[in-house]
Amino acid sequence: MLLLILLTAINYQNNMAYAVAFLLATLFVVSILHTYANLAGLTLHALSATPAFPGQRSEFRLRLQRSGKAPHYALRLSWPQGSDSLVSLADRDSCEVSLYVPVGNRGWHNPGRLLLESRYPLGLLRCWTWLDLDLQALVYPRPLATAAPPGGDGGRPEGNAVEIAGSDDFHGFRSYRPGDSLRQVHWKAVARGHSLQSKVYAAYASRTAWLDWDAFPGIATEQRLSYLCYWALTLERRGEDYGLSLPGVDIAPASGEAHQGRILAALALYQHGAAAP
């Protein structure tokens, strides 16, 4: 187009056509410099990746930082098959970006190379770079519901039953003691001519279960891990203590978010070698 305008200006000796041709050519050259400078001097830091289950999306957190005071506009970050984000660094030196990428099978998921690009300022040119970050997401086994494993806890409480006032778990009867609530008296037995008896309610002092690899004999590895993953999630939801026993791995019974993370990580990395940094 610029060549056509220039030829027209030469043919008709039109000063305005000359001005338009030279102005557009100058803008094109200047935009090359600005587009390149918009990516120059940037630093990208890999922060973290959230664990996920197969088929879900993992959140990858990054920090984009500028080296000087020059502003950077319309920076687009994206992973193949994942989400993208458009950010600018004008009145701040750095910003955090979250990108979401679908994950595959259990183990460590590498999202591939990250694309950082910009079409600033006029959209005529595109400047880009591909970055291979040291950032991976941990993928847990896919949980599969199953009945209680043979010899396992199966959700049944373990430990000694102890009397708990106000508990809803009926445990039995005992002789009436002065001070017992009248609501605990077994009035039907009194009506039949028996001595005073009180109802006893109890709760279990502890609930402990073991997720044992050997509890599922003859089942393929991935399916065993999926069963154990299901029970880890179930027992944690119930608030019970549970441990894990895999070939070469033993985790003592406990509960809580950190303990669940250790259990699921051990299941995810079983036979997958060393953990990634």
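A brief report on the enclosed structure follows. These figures come from a predicted structure and were not determined experimentally. (Residues numbered from 1 in each chain as written. Predicted model: local features only at pLDDT ≥ 70, side-chain atom pairs only at ≥ 80, totals over all residues. Heavy atoms only, no water.)

Reading across the sheet, the 3 strands line up as S13-S14-S15 and stay open at both edges, with mixed pairing between neighbours. Strands with a single pairing partner mark the edges of an open sheet, and in this sheet they are strand S13 (208–212) and strand S15 (249–254). Put simply, the sheet's adjacent strands are angled 15° from each other on average, direction ignored. Sheet topology note: the S13/strand S14 (residues 241–246) ladder contains 5 bridges and is parallel. What sits directly across from Leu211, in S14, is Leu244. Of the strands in this sheet, S13, S14 and S15 are in contact with helix H5 (residues 257–268), which crosses S14 at around 20°. (Pairing = 2+ DSSP bridges. Helix = DSSP H or I, 4+ residues; strand = E, 2+ residues; numbered from the N terminus. Axes fitted to C-alpha atoms, helices over the stretch in contact; angles between N-to-C directions. Contact = heavy atoms within 4.5 Å.)

So, about the packing of helix H1 (residues 2–12) against helix H2 (residues 15–39). To characterise two packed helices, one gives the angle between the axes of the helices and the distance between these axes. With their axes 8 Å apart at the nearest point, H1 and H2 run at an angle of 155° to one another. When the axis of H1 is compared with that of H2, the two are roughly antiparallel. The handedness of the crossing between H1 and H2 is left-handed. Facing Leu2, Ile5, Leu6, Ala9 and Ile10 of H1, the residues of H2 in contact are Ala17, Tyr18, Val20, Ala21, Phe22, Leu24 and Ala25. Considered class by class, the residues forming the contact of H1 with H2 number 12 nonpolar, no polar and no charged. (Parallel < 35°, antiparallel > 145°, perpendicular 65-115°, else oblique. Left-handed = near helix turned anticlockwise from the far one by under 90°. Nonpolar A, V, L, I, M, F, W, Y, C, P; charged D, E, K, R; others polar.)

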